[in-house]
Amino acid sequence: NDKSDKVTSRSSAASNAWVIHGQHTKTGKPILSSDPHLDNQIPGVWLQTNIMIPDNYIHGVSFGGIPGVLIGKTKYISWGMTTFYGDTTDIYREEISKDNTTYLHDGKWLPLEAFEEEIRVKGSNEIIKHTVYATHHGPLLDVYLPKAFEHTFYKSSKHRYSLAWAGYDKEDVLESYLALLRSKTMTDIFKFCKNFVVPSQSAVFATTEGDIAFLVTGRAPLRKHQRQGAIVKDGTLSENDWQGFIPFEEMPHVINPTKGYIIASNNKVATDNIKNRVSLNQWTTPRGQRINELITGLLKDGGKVDTKDMMKVQLDVVDAWARDFSPVMLELVLNHKDDYPEFRRNQNISRIASFMKGWEGSYDKELSQPTIQAYWERNFGLLSFNSFEWDDAERSRLLKNILYDHFFFRSIRDFKKGEGLTAQWCLNYHNLDKKNNCIYNLILSLVQTHDYLVERFGPNFEDWQYKKVHNMVYSHIPFSDTPLKVIYHREIPTGGNARTINVARGVYNEDE
């Protein structure tokens, strides 16, 4: 196969943090775990940092250039953070005058704001002056990011697109952050977090007084139509403008919950009915589901945990969604394969289904079942969305998006109920004359997976170990993009995937 046949697993960031109250720990003190997952690289993006100050210390990790610790502990508190995935931006479609000086808003033409940015060039005395134009929503984007707006959906002679963002208003975020590091109680923490404008984070805390808490940092816009936060808005109408910002006191938070623990894994933090509906466009995560399963199991019948238990949780490589839905996928294949003459006599389908039976979703690198599941999902994706006017790059971006997993497994659930068995997005040249084209794709993709892996590793399923196809990539900055790559670049066989607690957004090896 060509090198271009390489596919990466889900590319979006995925972090985990949780805190357990002292009533459930062996020491009687809270335990906080925080495991941020950013892209691997050499040198590593995280730097261990120790800061000693009078009557206190700050230990943890940070980025180069940050004056403090992003995740860590002091003498009095500890904290962890994950991305909240709050909807803090909006794109507005603006109507601009022919002379590009005004924009339409509620029937009136308002002047575009213009301000000049000076860009200094390293190694040169040259200063590039760049004029930025903005509406009251924010700066116009398409003039400066043309490639992002090349799709026909965006093209218009009179329309431009502006970006509204909750972080434009300048506040003393650094001072609030440094004050947080001096906190001693949960009251101090909530007081100082109130002034954070950005970033939007799900934060968990523990104090030496024994309290645990969850709160959302960062400013969130208040919209008249909150459900429309995920779509492009008509900038000519004031009813689409933000109504202000959600008060900090009304953002999701909890202190010392009855169940005794809190999980923040980029997951949906509340129902859609929460006040201001700030969680409306969020989603559940298999990592959050799995962490909850493991902690619940550890605490069952009055169990107590320690830090070693938490380390085991962090290293877990069970994909809860693959575990739950792979049997459904296999059942659909076995129930429908006889509907198609080309699959009716294919014994490999039954053989591979038998091999997968009883698999508990572990992406351990020594197992072969995760190899089958990974390529099955991949091949099904490649058979999808072929009937739309998208190029390969656009389809690839879609299949790697975190929301595709939700779409895929929700579709499997619908197939199980007998719904959506035929759909436009499943149409391709393989199934033009087939009934239930989505089911046909599900069977064909499993057959393709079998044939591909047999070609690579032989007919023995036990030889299809996940470590042979899945590498964790450690790109060196900058030498991985130079002839020195052979010395500095690292790719290590590993377990896990983008949906496991021990996140492994690696590269699936292909024949060179």
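Here's what I pulled together on the structure shown here. These figures come from a predicted structure and were not determined experimentally. (Residues numbered from 1 in each chain as written. Predicted model: local features only at pLDDT ≥ 70, side-chain atom pairs only at ≥ 80, totals over all residues. Heavy atoms only, no water.)

Some points on the packing of helix α5 (residues 320-336) against helix α11 (residues 437-457)
Between α5 and α11, the shortest axis-to-axis distance is 10 Å and the interhelical angle comes to 100°. Relative to α11, the element α5 lies roughly perpendicular. Contacts from M329, L330, L332, V333 and H336 of α5 reach α11 at I439, L442, I443 and L446. (Axes fitted to C-alpha atoms, helices over the stretch in contact; angles between N-to-C directions. Helix = DSSP H or I, 4+ residues; strand = E, 2+ residues; numbered from the N terminus. Parallel < 35°, antiparallel > 145°, perpendicular 65-115°, else oblique. Contact = heavy atoms within 4.5 Å.)

With respect to helix α10 (residues 402-416)
Side chains that are three or four residues apart share a direction in an α-helix, a result of its 3.6 residues per turn. Compared with the 21 Å implied by 1.5 Å per residue over 15 residues, the 23 Å span of α10 between its first and last C-alpha is a close match. Among the residues making up α10, those that are buried are I402, Y404, D405, H406, F408, F409, S411, I412 and F415. On its buried face, α10 sits against α5, α8 (369-382), α9 (392-400) and α11. A distance of 2.8 Å separates the backbone nitrogen of L403 from a side-chain oxygen at the start of α10, and that oxygen is part of N401. With its phi angle positive at about 80°, G418 sits one or two positions after the end of α10. (Expected span 1.5 Å × (residues − 1). Buried < 20%, exposed > 50% of the residue type's maximum accessible area, 1.4 Å probe, protein only. Polar contact = N/O pair within 3.5 Å; in protein donor to acceptor, adjacent residues only side chain to side chain.)

Remarks on unusual backbone geometry
Of the consecutive residues I42 and P43, the connecting peptide bond is found in the cis state with omega at -5°. With respect to the helices and strands, P43 occurs in the loop between β4 (41-42) and β5 (47-53). At the junction of V198 and P199, the peptide bond is cis and its omega measures out at 0° in the coordinates. By the secondary structure assignment, P199 is in the loop between α2 (186-193) and β15 (201-207). Positive phi, normally seen in glycine, also occurs at N256, with a value near 50°. In this structure, N256 sits in the loop between β18 (253-255) and β19 (261-264). The exposure class assigned to N256 is partly exposed, which follows from its relative accessible area of 31%. At F385, a residue that is not glycine, the phi angle is positive and equals roughly 60°. Here F385 lies in the loop between α8 and α9.

A short note on the state of the cysteines
Here, the word disulfide means a covalent bond between the sulfur atoms of two cysteines. For the structure on display, the rule yields one disulfide. In this model C426 forms its disulfide with C438; the gap between the sulfur atoms is 2.0 Å. Between C426 and C438, the S-S dihedral sits near 100°, and the bridge is therefore right-handed. Of this pair, C426 sits in the loop between α10 and α11 while C438 sits in helix α11, and the two are 12 residues apart along the sequence. Side by side, C426 and C438 carry an identical accessibility label, which is buried. (Disulfide = S-S within 2.5 Å.)

Some thoughts on the pattern of salt bridges
A full pass over the atoms with the stated rule returns 21 salt bridges. Of the charged contacts in the structure, one is a salt bridge between K194 and E249, with a shortest N-O distance of 3.1 Å. With K194 in the loop between α2 and β15 and E249 in the loop between β17 (233-234) and β18, this pair connects stretches of sequence that are 55 residues apart. The exposure class assigned to K194 is partly exposed, which follows from its relative accessible area of 45%. The closest approach of N and O atoms between R290 and D316, which form a salt bridge, is 2.9 Å. Placement of the pair is R290 in helix α3 (residues 286-299) and D316 in the loop between α4 (307-314) and α5, with a sequence separation of 26 residues. (Salt bridge = Lys/Arg side-chain N within 4 Å of Asp/Glu carboxyl O.)

Focus on the sheet that holds strand β2 (residues 16-20)
Reading across from one edge, β3-β2-β19 is the order of the three strands in this open sheet, with antiparallel pairing throughout. A single partner strand is all that each edge strand has here, and the edge strands are β3 (31-35) and β19. Averaged over all neighbouring strand pairs, the angle between strand axes comes to 5°, with direction disregarded. Against the sheet, α3 contacts β2 and β19, and its axis sits at roughly 160° relative to β19. The sheet strands contacting α4 are β2 and β3, and the helix crosses β3 at an angle near 25°. (Pairing = 2+ DSSP bridges.)

Describing a nonpolar patch on the surface
Judged by side-chain polarity, L484, V486, I487 and Y488 come together as a nonpolar surface patch covering roughly 380 Å² of accessible area. Within the secondary structure, Y488 is located in helix α12 (residues 485-488). The partly exposed category is assigned to Y488, whose relative accessible area is 32%. (Patch = residues over 30% accessible without salt bridge, like charges linked within 9 Å, V, L, I, M, F, W, Y side chains within 5 Å. Areas by Shrake-Rupley, 256 points an atom, 1.4 Å probe, with all protein chains shown as cover.)

As for the packing of aromatic side chains
The final tally for this structure, using the stated rule, is 28 aromatic pairs. Taking the centre distance of 6.4 Å and the plane angle of 70° together, the rings of F190 and F248 count as edge-to-face. Placement of the pair is F190 in helix α2 and F248 in the loop between β17 and β18, with a sequence separation of 58 residues. Looking at F248, the relative accessible area reads 16%, which means it is buried. (Phe/Tyr/Trp six-rings, centres within 6.5 Å; stacked < 30°, edge-to-face > 60°.)

What about the pairing of strand β14 (residues 159-165)?
The buried fraction of β14 amounts to five of the seven residues, a majority that puts the element mostly inside the structure. Bridging between strand β9 (residues 89-95) and β14 involves seven bridges; their strand directions are antiparallel. Bridge assignment links R93 to a residue of β14, and that residue is Y161.

Digging into the sheet that holds β9
Pairing is mixed across the open sheet formed by three strands, whose spatial order is β14-β9-β17. For this open sheet the edge positions go to β14 and β17, each flanked by a neighbour on one side alone.

A short note on α2
For α2, every residue scored as buried is listed here: M186, I189, F190 and C193. Buried residues of α2, seen end-on, are gathered within an arc of 90° and therefore sit on one face of the element. Among the exposed residues of α2, those oriented more than 90 degrees off its buried face are T187 and K191. Packing partners of the buried residues in α2 comprise β8 (77-83), α1 (173-181), β15, β16 (212-217) and β18. (Arc of directions from axis to C-beta.)

Re the pairing of β5
Both β5 and strand β6 (residues 56-62) contribute to a ladder of seven bridges, which runs antiparallel. Within the sheet, the bridge partner assigned to T49 lies in β6 and is G60. Count of turn residues in the β5/β6 antiparallel hairpin: two residues, of which D55 carries a positive phi of about 65°.

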